[in-house]
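Coordinate inspection notes
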Amino acid sequence: MSELALVGLRPDALVSKRRAYSRDLQGRYVSAEKSFAWLLKYPLVSDWIDAYTSEETREKKLYQLEKIIHAGGFDEPSELLRLSERDLKLLTRRVANWYLQKGKGVWAKQIIITMKGFMEANDKKLEFKRAERIRSPVRKKVINEYIPNKMDVFRMADNAGSIRNRTVLLCLFQAGVRVSCLCNWTFGLVQNQLYPEIKVPIRVKVTPAMDTKLNLYGLSYYVTGLQREAAESLRDYLDMRMRGGWIAQSSDPIFITERTGGPVARLRREGVWLIVKNVARRSGIKPESIWVHCFRKSFRKVLNATPQIDEDTKEALMGHKLPGARGNYFDFHDEDEVMMKYMRANFSRNTLVADSDTGADLASHKH
């Protein structure tokens, strides 16, 4: 395989472009095919990207690879493999530095990581000497982070602007899941607990397919829940979608984009981020001080304020792996006990949850 010579960087290829939309037969906006879809016809790309299980990670890395290819003035990914080691490192550093100069230090580092992974998957090394490494400014610790309390969350829910947005906020708060997990919820996850009648607590079984971080912890799943307000809001939201013509299937995403609609237009992390920022602004909270992960911290604050819940169960409800012997002796599979303890936490707007260990409580939480 003959080597190619690197000519120069094409900065115009790195500028983000607006996503194209078209309308379907119902007049709804439908997103066009992803710009990087053409890369998947190359086995050297598809074999590499198949090693990543998270859809969002896959899309991000494909997007970055496409940017590098176009920034180098190339037409296909195999041309990267034909570059000399010097030119390959030079191209990668130029692209990373371009993002760094735009104040996107995280993207600069991810470009390096993506290229290393792609080259390694195709039996080539991409190693940088100490003097060649990208040095991004140290990120300042955020000191104005605002963790909403319970009443803040319900005030934001009241100002959400739509049933979907209200439901998203309440589910983030009462389940404490990561945003990527929430976006991956499907109708089958809650179908039998919402219909024909609501069964509280709604039991949310989080698997690695929903939250890829569980793979890092070595957890096959964990269980969290939803209390009355989130459950009722979720039922109202799903009923509204059904009245609009949605024929619910178990594999359909629960949360969809209101702009595009349809059963396959899954709400994405960026969409949830915008919901939180916009609703915070309407609720008198500085948008720059709050983001999606703050709701997971609010969930933990409520757990911490509940002395009747032991520390191991608190960690389990967060989806954390317990260390050492604590993990060996904690029974993750006793979902009834975990849900009983979860119900002791007061996630409700006004009502207090009674503390009880009776068998009747356990039975009432079985589905």
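Each remark here, short or long, concerns the structure printed above.
Values in this document were obtained by computation on a predicted structure and should not be read as measured data. (Residues numbered from 1 in each chain as written. Predicted model: local features only at pLDDT ≥ 70, side-chain atom pairs only at ≥ 80, totals over all residues. Heavy atoms only, no water.)

Our focus in this paragraph is the nonpolar core. If you look at the biggest cluster of nonpolar residues, it comprises 67 residues, and the most contacted ones within it are Trp185, Leu226, Leu238, Phe255 and Phe295. Of the residues forming this core, the biggest block, 7 residues, is contributed by helix α7 (residues 163-175). Core analysis: the second largest hydrophobic core is formed by 32 residues, Leu14, Leu83, Leu100 and Ala108 among them. (Core = buried A, V, L, I, M, F, W, Y, C linked by side-chain atoms within 4.5 Å. Buried < 20%, exposed > 50% of the residue type's maximum accessible area, 1.4 Å probe, protein only. Helix = DSSP H or I, 4+ residues; strand = E, 2+ residues; numbered from the N terminus.)

Per the counting criterion, the structure on display carries 18 salt bridges. A salt bridge links Lys314 to Glu311; the shortest N-O distance between them is 3.1 Å. Here Lys314 pairs with Glu311, and both are found in helix α14 (residues 311-317), just 3 residues apart, close to one helical turn. What you see here is one network of salt bridges that share partners, running through Arg300, Glu311, Lys314 and Glu315. (Salt bridge = Lys/Arg side-chain N within 4 Å of Asp/Glu carboxyl O.)

Here α7 crosses helix α12 (residues 269-282) at 95 degrees, and the two axes come no closer than 11 Å. On the basis of the axis angle, α7 is roughly perpendicular to α12. Side by side, α7 and α12 meet where Arg164, Asn165, Val168, Leu169 and Leu172 of the first sit next to Val272, Ile275, Val276 and Val279 of the second. When the residues that make up the contact of α7 with α12 are grouped by side-chain class, the tally is 7 nonpolar, 1 polar and 1 charged. (Axes fitted to C-alpha atoms, helices over the stretch in contact; angles between N-to-C directions. Parallel < 35°, antiparallel > 145°, perpendicular 65-115°, else oblique. Contact = heavy atoms within 4.5 Å. Nonpolar A, V, L, I, M, F, W, Y, C, P; charged D, E, K, R; others polar.)

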